[in-house]
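Inside the fold
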Amino acid sequence: MKRPLRILGEPTDRTPADPVGVKLGTKVLSVVDAHDGAAASQLGELLVQAGARYAELEADTGVDFHIVVRSAPQSPEAYLRSEVLEETADLVLGSVRPTFARLLARSLGAAGG
């Protein structure tokens with residue numbers, strides 16, 4: 001067994017997850033959550049299913065929309081990170097919404113060509 005064992009009661013969100021990048025038409029979206037990245041990955045997958053493509057994000061350049069999916073922070077680090085992320089976001093979602101992903105993909109895909 002090569003992976004470290006998690007100590008019970010220890011927060012799993014001390015280390016931030018990388019944002020998920022998707023491209024809808026000509027728009028590049030960055031999707032992130034302050035927890036373990038699962039919610040951002042789920043929303044990214046829903047957007048891809050609705051017609052987006054995964055995109056590489058390079059040093060936050062060229063991103064048209066920053067989306068933050070709220071999550072319940074377990075550690076003080078994640079709480080502070082969520083506040084900063086939400087302040088700089090273009091859109092904050094309370095949770096992952098499949099209908100929202102479809103509508104966003106439809107509107108940006110059509111607008112972006």
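The following refers to the structure shown. (Residues numbered from 1 in each chain as written. Predicted model: local features only at pLDDT ≥ 70, side-chain atom pairs only at ≥ 80, totals over all residues. Heavy atoms only, no water.)

Along the polypeptide, Ile67 turns up in strand S4 (residues 65-69). For Ile67 and Pro19, which are 48 residues apart along the polypeptide, the C-alpha to C-alpha distance reads 9.4 Å. For Ile67, the residues in contact, after removing those within four places along its chain, are Leu29, Ser30, Val31, Val32, Leu43, Leu91, Leu93 and Leu104. (Helix = DSSP H or I, 4+ residues; strand = E, 2+ residues; numbered from the N terminus. Contact = heavy atoms within 4.5 Å.)

Here we come to the pairing of strand S1 (residues 20-24). Most of S1 is tucked away: four of the five residues are buried. Sheet analysis places S1 next to strand S2 (residues 27-33), joined by five bridges and oriented antiparallel. The residue of S2 that forms the bridge with Val22 is Leu29. Following S1, the chain reverses through two residues before pairing antiparallel with S2; Gly25 in that reversal takes a positive phi of roughly 65°. Of the strand pairs in this sheet, S1 and strand S3 (residues 53-54) are connected by two bridges, and their pairing is antiparallel. Each residue of the ladder has a partner; that of Lys23, found in S3, is Arg53. (Buried < 20%, exposed > 50% of the residue type's maximum accessible area, 1.4 Å probe, protein only. Pairing = 2+ DSSP bridges.)

Following the sequence through the fold, Ser30 ends up in strand S2. The buried category is assigned to Ser30, whose relative accessible area is 6%. Sequence-distant contacts of Ser30, defined by excluding residues within four places in its chain, comprise Pro19, Val20, Leu57, Val63, Phe65, His66 and Ile67.

Our next topic: the pairing of S2. Burial of S2 is extensive: six of the seven residues sit out of reach of the surface. Looking at chain direction, S2 and S4 are connected through five bridges and run parallel. Bridging from a neighbouring strand, Asp33 pairs with Val69 of S4.

If you look at the biggest cluster of nonpolar residues, it comprises 19 residues, and the most contacted ones within it are Leu24, Leu29, Val31, Leu43, Leu47, Ile67 and Leu104. Elements that contribute at least two residues to this core include exactly S1, S2, helix H1 (38-49), S4 and helix H3 (98-112). The biggest single contributor to this core is H1, with five residues. Once residues lying within four places of it in the same chain are set aside, the contact partners of Leu43 are Val31, Ile67, Val69, Leu93, Val96 and Ala101. (Core = buried A, V, L, I, M, F, W, Y, C linked by side-chain atoms within 4.5 Å.)

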